[in-house]
Every structure is written in structure tokens, then in C-alpha cells.
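What follows is the residue order along each chain.
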Amino acid sequence: MPSPPPATAAPKPPQDKLSAPARALRKLGLARDIDLALHLPMRYVDETRIVPIATLRDGDTAQVQGTVRECRVETRTRRQLVVRLADDSGELVLRLVHFYPSHQKTLAVGHLVRARGEVRGGFFGREMVHPEFRAVAADTALPQALTPVYPSSAQLPQAYLRKAVASALARAPLAELLPAEVLPCGLPTLREALLFLHHPSPAVPLETLEDHSHPAWQRLKFEELLAQQLSQAQAQAARALLAAPVLPPRSGGLAARLLATLPFALTAAQQRVVAEIGADLGRPQPMHRLLQGDVGSGKTVVAALAAAVAIDAGWQCALMAPTEILAEQHFRKLVGWLQPLGVQVAWLTGSRKGRGRKAMVESVASGQAMLVVGTHAVIQDDVAFARLGLAIVDEQHRFGVAQRLALRQKLVDQAGPSPASGSDGEGAGHSKDHEDGVRAQLEPHLLMMSATPIPRTLAMSYFADLDVSTIDELPPGRTPVLTKVFADSRREQVVARIRDEVGRGRQVYWVCPLVEESEHLDLQNATATHAELGAALPGVVVGLLHGRMPQAEKAAVMALFTAGAMKLLVATTVIEVGVDVPNASLMVIEHAERFGLAQLHQLRGRVGRGEVASVCVLLYTAPLSATGKARLQAMAETSDGFEIARRDLDIRGPGEFMGARQSGDALLRFADLQQDSALLQHARAVAPRLLRHHPAAAEAHVTRWLAGRAEFLKA
Ligand code: ADP
Ligand code: MG
């Protein structure tokens, strides 16, 4: 085994001089004054009024002010600080179970104290337990506005954050950037909106602040949506300025020859998307296209055809998958399709090291390998393409923000000047010379594939800079998977069903859930299930597959299952994406209630890939939560990935739908795509106008809203 490269001692970063709360501010992306000014309260507390103690009722949350009559450490039941506070109207006990000497000092007898908390009847009479409190002077003024409570973190006390926001708000450049003509009617200026939302008058009905319907909130949401639309439009415009190799489809070329060798004809939907992709590849701007199609709709062959077009034009193609298992399946499939046609395919993954890797890297660098398949190892630093023309990312939603940024960077880096050879006018060598004489850099085309469709509202906002092709039809002859939801108590019945299926020569998956907190438990769980099923099914070859197995072992297990020698495969979610064994007809998902809808749909897509009728059994452990029930019901009711995505969005909301990790900078902080669709429409409508007639304002607006976020993401 070759040893890993020696770890070079990285130079230590300069000693961080920031205080803990200042670092916590950075962590929240609150670096610039404007970022703090845009950090809005999640709720408010009313400290503008003092309530006479005698008028308090149990359950009230109120602020009182009085003189400390007594302050003693009580030890009869448990050690606690008991303070008697009196105003003109009556007396109240403040009780602190956890306290420090500093608290005793503040609450010393004779001090005038302002306290705020919930009132209840207690052992010592009417009391507040752990109220907020501070000593005040008789003439300490009451605040005029509600006190904001900000989203924060454990390292960042509210008081610190309040001060930071208040001083940033005073300094932040809040001049009105947007011309009135692009604003929805009746909204305050940004400065007015912010001053108000940070310190609203107590006269304002709290509901309009809490449900974000107040015009000040509307203004903020509109600003945010507009920034997002503008940045998408800018990205689109920037892309239009980029140059990409022109990869024209050739009649009778490699793609045509591949089509001729396939054992099936493309569906109409596949033909349509192949044409859409082909048109993009034939243009001198980089393609930026998402190919979405339900599980099993046949995206791989579309990718292969796109690759064939690129290769035919003399350019390399890279295909990236999120897991090694999936990458290997693609590799086998593509080798099977393209090698006979004379294309050399290379294979790069994280577990491939040493000489094998070196040889591959060299064949990529020399341009000998025209197609490179692998995991994100394909974009590692030591990999340099001779001439990368097309990058394809499968199951792109599974890659994190960091990996996607790395890919984008890599694509830019790979873009060499257009090669001198192979140029025939409009062909591969076509390059534009900019007016200033600098030769245009060629950037590869990018095709992303996903089985998780993007709902329309998301497509309009987060992915406005993306062209979308959709395969909305499954290949013929598929029988829809029948989905059954069973309580775990019916496990034995399910095992009997497995015996039947295997007896009929079919194969079965059994998926064990991920235990969030512990990969170790996860493994234990899968191992135990493997043993249990092996014992319950004598004579049946039962395999085990989990994420922590060495790659070679994983590959060996998959090979046995693919070949049909192994009948039952117990697996963790490593099989979630892309695995293709048409003879598998039964899928059992244990603790199905722990999976997300999209994930369940992906898993279920592993069966029903051949012509045999298939069944998916969702085992749950009672009791089920309401959302858990809704999810499993949705799975049983529909097998349409688009419908499932829509319901997922309903159940979870867009932020969670995409996962913060995946949506990254795209995530909206204030606006809600469903609730604020009118504002979104307005922002979409005015963004182009603003860019055209007020480009400086547009630029400044995007910077104001998004620059801090971008930095935050890079960190
Ligand atoms: P996915 O879109 O989920 O990635 P795949 O590309 O893995 O789907 O295709 C699923 C299966 O369907 C594969 O075995 C593939 O070879 C097959 N297939 C793809 N297109 C067709 C077609 N037009 N007719 C019949 N089978 C097809
Ligand atoms: Mg696939």
C-alpha cells in the first residue's frame, strides 16, 4: 500500500485577537455594518412599561420596578436566592436557583431594581423565577421602543448583539439605492424600515411584526428578493460573456453510432432533452443546464450521448457522481457503451491511489482518456485535463456547497486558451478575441443531473440562472412500484415475503436507517439486521453493505449482487443513489419514518427497474408523528417524483427542502417563496429594468445584500 503523502506542517494562522463574541459575530456572517443592520429581530420584548405589582396576574409576563426589602440565601428546600421586592402597590418575590455573588450585590437590600419575567404563584407567594433584572436609579428612563431579540448563538449574548446592531445601524450606509419606480407601492424607505424593525414603537400590533406582514417587513423582503433576482441576472449576463468550445453534433458521428448500438430506443422525452443539450453544446457560450428526471427515467444514456458529442469534437468529458458505488456503475456502463466505439475511459475516485491513480491522471493530462468518470476526486488538485469541454455532475443536489464551488473554480482553471489545432472555423478551436486583444478563455460546458426536481417557485428564484431540461416520461414497460406501509410488528410477514421473492429468482434490498448521532450505532444496527435475516432465511445468500466498508469490499459485494449470486442485500443508505439491478423486485425500508421524502423516493427507485412488478415495504416503528404519517402516506399514494417533491416542499418548507448546506448563498433569510410570491413576481419583473436603466444602483444593491454572505460562504 502506498503511504499517504507526508503531511506538510501548514503555517499557523496568526493568533486570532478577536474576542469570543466578536468571533461569534463573524461566524454568523455579521462582518459589515450593513450585515448587522440587516440582522433582524426574531421577536421583541416590551420593556416600555412598568406594571404595578398589585395588578399582576398569574401567567403575565411583565416588567416591574421596586425596592429590595429582603435578600437572603434560602437553604431549607434547596439553595436559592430569595428576594422580596416592593413597589407602592405590593410585594413580589424574585427567586434565583442559580446565582452568583454579583447577583446578590445587585439585589442588595435598599436597591431599586427593574425586573422582567413571568409571574406565578409559588411557595413564597407571587413570584418571578429567574427574571431578567438590573439595578436602576429613580430617574432611569424607560425605553421608548420594544426591545429586539435577535437570532444568535450560544457564544453571543443578546446584550452584546443589541449593542453591536444598534451602533452598526447608526453607521451603516442606508441611503436609498432603488429608484421609486421599481418599488411596490406604499412601502417605507429601507432606512425607515430598518430603524422601525429594530426598535418598533409599542403601539404597533405585534402580530404584523411576527407574521412579517408589516410594510417594513415587506420592504425588507422585497429588497432581498430583488437582490437575488439581480445577482442571478448578473450571473447570466456574465456567463453570456464567457466563451466555451463549440461542440457541434455530427450526423453519423460518435453519438449516432452509440445510439445505433443501444438495445433500446430513446423515449420521446429523452430525444427532446438530448436535442436541447445538443443545441447548447453547439453554442460558443458555456452550457449551464440542469437535467431533471425521475428516478429510472434514463438520464445516464443522455449523459453518455452528450459526452459522445464532446468527444467527437475532440474535447474531454468528465462525469462526477457523489458516491464511489454510483461512480463505478457509471464507469461500467459507459465503458460498455463507449469503449467498443474506441473511446478510452478513465476512472478516478478517492480510494484509487498510488500507481493506478498516477497512470489515470497521466492519461487525463495527455488527453488520451477522453472520458473521465469518478467521484469528486475528479476535481482534485493533481488532476489536470488536457482539454476539458464538458463536465457532467450526476445527482448534483448531493454535492455540498463547498464541492460545487470547487467544481466551478476547477472548470474555470481547466479552461485553457483554445487549442491551436483542430480548428476549422466554427469548430472546436473557435475562440473570440476580446476588443482589448486578450484572447478569450474557454470554459467547459456544464450539465447537472438530478432526480430531485426543483419546484417551480424555487426554479424561479434560486435557480433562475439555470436552464432546465426535464425527462417527464419513464421508459416503456415499467410497472409502477406498489408501496405498502407496515408497522414494524409485521416484520415476520415481511421476511416470509422475502423468502417468496427469492424463491422466484428475484432479489431484495433491505435498507437500514442512518442513526444521526452515531455512525457506529448505524453500523451496529445494519450488522445486527444482517445476522438476523441470515438466520431467518437459511440457504439464502445475504450480503451487507455500509458506508464504512473499504471500497474494494463494497465493490465486491455490489458485484455479487449485480451478478445475481447474492439474493438479499442489507444496506445502509449507501445504495440511495443510482444503483441499477433490474432483477431486484422487493425493497424493505426499516424505520422509514426517519427518512426524508426525497430520500425514500430515491431508495424506492432501486426497484421497479425491470419489467417485473415490484413492491416497496415501508416499515415504521410506532408512534408516528403527524409529519411522519403524512410522509409515508405520500409515498404510498404516489410514485411521481415531481408530486413527491411538491408535497415535501409543503411539509418542510423550501429552506429545509434544499438543505441549508445545499442551497447555501441562495437561501433566503426573510422572504418566503410561497407566502411572498407577489413580491417575488414584482422583483422578477423589475430586475431587468433596473439592470438596464440603473446599472450602478443594481450593482450597489447586490453588494449591500449579498457581499457579506459570499464572504461568509468562503470562510
Ligand atoms: P436515472 O435517470 O435514474 O439515472 P438510468 O439512467 O439509470 O436512470 O436508467 C434506468 C434504466 O433504464 C437503465 O437500466 C437504463 O439502461 C434503462 N433505460 C434508459 N433509457 C431507456 C429507454 N429509452 N428504454 C429502455 N430502457 C432505458
Ligand atoms: Mg442516475
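Here the structure is a predicted model, which means the values were calculated and not measured. (Residues numbered from 1 in each chain as written. Chains lettered and ligands numbered in written order. Predicted model: local features only at pLDDT ≥ 70, side-chain atom pairs only at ≥ 80, totals over all residues. Heavy atoms only, no water.)

## Some remarks on the packing of helix α8 (residues 254–261) against helix α10 (residues 299–312)
Next, step 1: At a minimum axis separation of 7 Å, α8 and α10 run at an interaxial angle of 145°. On α10, the residues touching Leu254, Ala255, Leu258 and Leu259 of α8 are Ala304, Leu305, Ala308, Val309, Ile311 and Asp312. (Axes fitted to C-alpha atoms, helices over the stretch in contact; angles between N-to-C directions. Helix = DSSP H or I, 4+ residues; strand = E, 2+ residues; numbered from the N terminus. Contact = heavy atoms within 4.5 Å.)

## Brief notes about the site of ligand 1
Next, step 1: As a matter of local geometry, ligand 1 sits amid 17 residues, with Gln270, Gly296, Thr300, Arg478 and Asp580 nearest to it.
Next, step 2: Within the side chain of Gln270, an N or O atom sits 2.8 Å from a nitrogen atom of ligand 1.
Next, step 3: Coverage of ligand 1 by the protein chains reaches 87% of its 570 Å² of free accessible surface.
Next, step 4: Tallied by class, the residues present in the shell around ligand 1 amount to five nonpolar, six polar and six charged. (Near = heavy atom within 4 Å. Polar contact = N/O pair within 3.5 Å; in protein donor to acceptor, adjacent residues only side chain to side chain. Areas by Shrake-Rupley, 256 points an atom, 1.4 Å probe, with all protein chains shown as cover. Nonpolar A, V, L, I, M, F, W, Y, C, P; charged D, E, K, R; others polar.)

## Digging into the confidence of the model for the protein
Next, step 1: Averaged over the protein, the pLDDT score is 83; the fraction of residues at 70 or greater is 84%.
Next, step 2: Scored below 50 in pLDDT, residues 1–15 shows one contact in the model against residues more than four places distant or in partner chains.
Next, step 3: Within the model, pLDDT remains below 50 along residues 654–666, and this stretch shows 29 contacts once partners closer than five positions in the same chain are excluded. (pLDDT = per-residue confidence, 0-100.)

## Details of the pattern of salt bridges
Next, step 1: In the structure shown here, the tally under the stated rule is 28 salt bridges.
Next, step 2: The salt bridge partner of Arg49 is Asp46, with a shortest N-O separation of 3.5 Å.
Next, step 3: Here Asp46 falls in the partly exposed class, since its relative accessible area comes to 25%.
Next, step 4: A salt bridge links Glu127 to Arg95, with the nearest nitrogen and oxygen atoms 2.8 Å apart. In this pair, Glu127 sits in strand β6 (residues 125–129) while Arg95 sits in strand β4 (residues 91–96), placing the two residues 32 residues apart along the sequence.
Next, step 5: You can call Glu127 buried: its relative accessible area is 1%. (Salt bridge = Lys/Arg side-chain N within 4 Å of Asp/Glu carboxyl O. Buried < 20%, exposed > 50% of the residue type's maximum accessible area, 1.4 Å probe, protein only.)

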